[in-house]
Amino acid sequence: MYLSILSCLFTYICILLAVAFFTLLERKGLSYIQIRKGPNKVGFMGLPQPIADAVKLLTKEIVKPTMANCSPYFIAPIFSFILALLLWQLYPSLYSTNYFKWGVLFFLCVSSLNVYGTLLAGWSSNSKYALLGSLRAIAQTISYEVSMVLIMLFPLFMISSFSFFSIQEKQDSIWFSLLMIPMSLVWFASCIAETNRAPFDFAEGESELVSGFNVEYGSTGFALIFLAEYANILVMSLFTCLLFFGGSSMFMLISDMAFMFKVLFFAFSFIWIRASYPRFRYDLLMGLTWKTFLPMSLSFLLVVCMLAFNIYY
């Protein structure tokens, strides 16, 4: 029991550090892509910048809007942050203290709850911009999560298991992405929408919603929402590698390092896409998810089901 608690605490500390320096990577990456300088004034090459940002946010005064609903207003950032940390319990490694036999179902349940944090934050702020951002997030979530769940069924039908450990072991000979390249690309696009990142950042569109659902948050509340968003980026990059691009072997250090670099590549792809593409129109995302992603997912899933039926029976 004590080993499990210590392992969880160590994991969460590492996640927070990774998120902090991933924000530095994003600011540096965006600056060099746009041919300008990134953070370079705080310490050596700006490396302590994430720590300075954290100290600034956590020491600012917590201000609540006068008309806000008090309890949901403070609960929403904490709720989003806890959900983001819970997903990291599913990473199958040699040092895991918990084994999730139904890990995929746990992932779907927790990820589908993310929208409630955004809804609470937007509704409880009692601001029209925040409310519009939260309503956008709900419609957006319904649109892409249907196809995302269908895409997750592909590896499950191929291995007949809900365990991430089994998915990891079955990709030693071939990656699942090589068997279904279009679906792996649709999955990654859905991951971008899941994390509210550009070009699908409609819930926090600065140009029309003045930062959207989190407009009334500052100091610690904003920091928790910020940490939850970037923790979700890293965990979705991890599950992209795990589901479609080969998991790491549990007994080989070289394979673990290769898996880490694959995760970093997909995490950096979020930054690269943000720097390359403008925000979509909202109706274009709705059309993309319902008229393109969903029919493609159903069609490919039918093919996979037929193949799985022929193999097993």
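Residues numbered from 1 in each chain as written. Predicted model: local features only at pLDDT ≥ 70, side-chain atom pairs only at ≥ 80, totals over all residues. Heavy atoms only, no water.

- Labelled according to an unreviewed UniProt entry, the protein chain appears under the name NADH-ubiquinone oxidoreductase chain 1, originating from Cymbium olla.
- Heading Sequence similarities (unreviewed entry) of the UniProt record for the protein chain holds this comment: "Belongs to the complex I subunit 1 family." (UniProt positions renumbered as here; feature names shortened; annotations may be inferred.)

A word on the side chain of serine 111
Then step 1. The topology assignment puts serine 111 in helix α4 (residues 103-124).
Then step 2. Residues in contact with serine 111, not counting those within four places in the same chain, are Leu87, Glu145 and Glu194. (Helix = DSSP H or I, 4+ residues; strand = E, 2+ residues; numbered from the N terminus. Contact = heavy atoms within 4.5 Å.)

Points about the UniProt feature "transmembrane region" (unreviewed entry) in the protein chain
Then step 1. Annotation from UniProt places "transmembrane region" (unreviewed entry) at residues 6-25, 73-91, 103-123, 144-167, 173-193, 222-245, 251-273 and 293-312.
Then step 2. Secondary structure over residues 73-91 splits into 74% helix and 0% strand, and the C-alpha atoms at its two ends are 31 Å apart.
Then step 3. Its end C-alpha atoms 31 Å apart, residues 173-193 is made of 81% helix and 0% strand.

A look at helix α1 (residues 2-33)
Then step 1. In this model α1 runs 46 Å from its N-terminal to its C-terminal C-alpha over 32 residues, within 8% of the 46 Å that 1.5 Å per residue would give.
Then step 2. Phi turns positive, to about 55°, at isoleucine 35, one or two residues after α1. (Expected span 1.5 Å × (residues − 1).)

Quick notes on the environment of threonine 141
Then step 1. Along the chain, the position of threonine 141 falls in helix α5 (residues 128-159).
Then step 2. Residues threonine 141 and glutamate 194 lie 53 residues apart in sequence; the distance between their C-alpha atoms is 7.1 Å.
Then step 3. Separated by 2.7 Å, the side chain of threonine 141 and the backbone oxygen of alanine 137 make a polar contact. (Polar contact = N/O pair within 3.5 Å; in protein donor to acceptor, adjacent residues only side chain to side chain.)

Describing the side chain of arginine 197
Then step 1. Checked against the element boundaries, arginine 197 lands in the loop between α8 (181-194) and α9 (206-209).
Then step 2. Leaving out residues up to four positions away in the same chain, arginine 197 has contacts with Glu26, Ile192, Glu229, Tyr230, Ile233, Phe270, Ile271 and Arg274.

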